[in-house]
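Each chain, written out:
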Amino acid sequence: MATYIFGHTTPDSDSIVGALSLTYLKNKLGEKCIATRQGEPNPETAWILEKFGFEAPMLKTEYAGEDVYLIDFMESSQAPKDIADANIVGIVDHHKLGDLKTTTPLEMWVRPVGCSNTIVKQMFDYFGIEIPKDLAGMMMCAILSDTVIFKSPTCTKEDTKACKELAKIAGVEDYKALGMEMFIVKSDVLSASSKELVLRDFKDFNMSGSSVGIGQLEVVDLSVFDTMKEDLFTAMKAQKEEGNRHTVLLLLTDIMQEGSQLLVVSDDNSKVEKAFDVTLEDNQAWLKGVMSRKKQIIPFLEPQF
Ligand code: MG
Ligand code: MG
Ligand code: MG
């Protein structure tokens, strides 16, 4: 029986590339694994797959009775609905400890670094397995994406080291320029609907029983959103109602200015105001220096619930 390897719902580049890179490694180690995904690749991920000549992993949303490895998440709110009936044999992740439970011992590779693919790179090194050129290129892009070209406060020396080594294997000299090219692709938000944009990089969290959904869009110039704010708020309100959520946040992150415009739809705006020590104006606030949801948003918001 094969083991399925997949990342979180609304997959990002780290989740998709991580499923492929970890599957490659595990197969080399003699474990029969199949990379899967829980949703459609976003435009950035599609660009990476195309650039390095890979197919997206197969879409699979039900895992009852299957053996699974999780990569890039360990929260039930980002897992398949039937995850409780799957057998989690391992987790490779760089997020906070989630709420998933297992009934048997499992393999855990969890480190506070900027990207799951940094950990996968370290696993390749640990097992002495060579990384193929094109796979290295994709893993490099995943690190550049998750660390926002090393600008995110989540980025560690281990990420820059892994990224540089992968760039060398991939034969990419100016990896920062490639990262910038990727973020320009990511900044093309005008062709998408506001609903798609809110959900493009969206994560749900259970905060002491309240459901909180947080989306993030990382662009090179925030002015692309100037004419879209009202539509984005409408789409956020719809998500809040449909998902019976207490709060929906959208972070519009400007990777050049290194900060985020926070859009809020909540049953209680004061929780958000207290969390970030701001006064919301028109349900918005500029959060200077804030680029990371996992490090600069969740740890401050969660204690308010
Ligand atoms: Mg991710
Ligand atoms: Mg990640
Ligand atoms: Mg991210």
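This structure is a prediction, so every number in the text was calculated from the model and none was measured.

(A) Structural context of the pattern of salt bridges. Enumeration according to the criterion identifies 17 salt bridges in this entry. A salt bridge links Lys161 to Glu165, with the nearest nitrogen and oxygen atoms 3.3 Å apart. Placement of the pair is Lys161 and Glu165 together in helix 5 (residues 157-170), with a separation of four residues, close to one helical turn. Of the charged contacts in the structure, one is a salt bridge between Glu218 and Lys186, with a shortest N-O distance of 2.6 Å. Here Glu218, found in strand 8 (residues 210-219), pairs with Lys186, found in helix 6 (residues 175-186); they are 32 residues apart in sequence, far enough to count as distant.

(B) Structural detail: the coordination of the magnesium ion (ligand 1). The protein atoms that coordinate the magnesium ion (ligand 1) are His8 (NE2), Asp12 (OD) and Asp72 (OD), at distances of 2.1 to 2.3 Å. For the magnesium ion (ligand 1), the donor residues sit on a single chain with the sequence spacing H-x3-D-x59-D.

(C) Quick peek at the coordination of the magnesium ion (ligand 2). Coordination of the magnesium ion (ligand 2) by the protein is provided by Asp14 (OD), Asp72 (OD), His94 (NE2) and Asp146 (OD), with metal-donor distances spanning 2.1 to 2.2 Å. Each donor residue of the magnesium ion (ligand 2) lies on one chain, and together they are spaced D-x57-D-x21-H-x51-D. The distance between the magnesium ion (ligand 2) and the magnesium ion (ligand 1) comes to 3.4 Å, with Asp72 serving as a donor to both metals. With Asp14 in helix 1 (residues 13-28) and Asp72 in the loop between strand 4 (67-71) and strand 5 (87-93), this residue pair connects regions lying 58 residues apart in the sequence. Each member of the pair, Asp14 together with Asp72, is buried.

(D) Broad picture of the packing of helix 4 (residues 133-146) against helix 5. Interaxial distance between helix 4 and helix 5 falls to 8 Å at its minimum, and their mutual angle equals 150°. Taken together, helix 4 and helix 5 sit at an angle that is classed as roughly antiparallel. Crossing of helix 4 against helix 5: the hand is left-handed. Along its contact with helix 4, which presents Lys133, Ala136, Gly137, Met139, Met140, Ile143 and Leu144, the element helix 5 presents Asp159, Ala162, Cys163, Leu166, Ala167, Ile169 and Ala170. Its residues placed into classes, the contact of helix 4 with helix 5 shows 11 nonpolar, one polar and two charged.

(E) Region of interest: the packing of aromatic side chains. This model, assessed by the stated rule, comprises eight aromatic pairs. Measuring from ring centre to ring centre gives 5.6 Å for Trp109 and Tyr126, while their planes differ by 75°; the resulting arrangement is edge-to-face. Placement of Trp109 in strand 6 (residues 107-110) and of Tyr126 in helix 3 (residues 116-127) is noted, with a sequence separation of 17 residues between them. A network of ring pairs unites the aromatic residues Tyr4, Phe6, Tyr63 and Phe73 as a single cluster. Across from the ring centre of Tyr4, 4.8 Å away, lies the NZ or CZ of Lys60, which sits over that ring. The ring centre of Tyr63 lies 5.0 Å from the NZ or CZ of Lys60, which sits over that ring.

(F) Region of interest: a negative patch on the surface. Together, Glu230, Asp231, Glu281 and Asp282 give the surface a local cluster of negative charge. Its location among the elements puts Asp282 in the loop between helix 9 (269-276) and strand 11 (284-288).

(G) Region of the structure containing the layout of surface pockets. The calculated volume of the largest pocket comes to roughly 600 Å³. Lining the largest pocket are 24 residues, and of these Thr9, Thr10, Gln38, Gly39 and Leu199 lie nearest its centre. Secondary-structure elements contributing two or more residues to the lining of the largest pocket are helix 7 (194-200) and strand 7 (202-207). Take the lining of the largest pocket: its biggest share by element is four residues, from helix 7. Here the residues of the lining of the largest pocket are counted per class, giving six nonpolar, 10 polar and eight charged. Residues lining the lining of the largest pocket come from more than one domain, with at least three contributed by each of domain 1 (3-184) and domain 2 (194-304). Put simply, the second largest pocket is a space of about 500 Å³. Forming the walls of the second largest pocket are 35 residues, and the residues nearest its centre are Asp201, Lys203, Gln216, Arg293 and Lys294.

Conventions and cut-offs
- Residues numbered from 1 in each chain as written.
- Chains lettered and ligands numbered in written order.
- Predicted model: local features only at pLDDT ≥ 70, side-chain atom pairs only at ≥ 80, totals over all residues.
- Heavy atoms only, no water.
- Salt bridge = Lys/Arg side-chain N within 4 Å of Asp/Glu carboxyl O.
- Helix = DSSP H or I, 4+ residues; strand = E, 2+ residues; numbered from the N terminus.
- Donors = N, O, S within 2.8 Å, 3.2 Å for Na, K, Ca; no water.
- Buried < 20%, exposed > 50% of the residue type's maximum accessible area, 1.4 Å probe, protein only.
- Axes fitted to C-alpha atoms, helices over the stretch in contact; angles between N-to-C directions.
- Parallel < 35°, antiparallel > 145°, perpendicular 65-115°, else oblique.
- Left-handed = near helix turned anticlockwise from the far one by under 90°.
- Contact = heavy atoms within 4.5 Å.
- Nonpolar A, V, L, I, M, F, W, Y, C, P; charged D, E, K, R; others polar.
- Phe/Tyr/Trp six-rings, centres within 6.5 Å; stacked < 30°, edge-to-face > 60°.
- Lys NZ or Arg CZ within 6 Å of the ring centre and 35° of its normal.
- Patch = residues over 30% accessible without salt bridge, like charges linked within 9 Å, V, L, I, M, F, W, Y side chains within 5 Å.
- Areas by Shrake-Rupley, 256 points an atom, 1.4 Å probe, with all protein chains shown as cover.
- Lys, Arg positive; Asp, Glu negative; His and termini not counted.
- Charge placed at Lys NZ, Arg CZ, Asp CG, Glu CD.
- 1 Å grid on protein atoms, 1.4 Å probe; cavity = no way out; pocket = protein on both sides within 12 Å on 5 of 7 lines; lining within 4 Å.
- Points joined across faces, edges and corners; volume = space filled by probe spheres on them.
- Domains from an automatic or database assignment.

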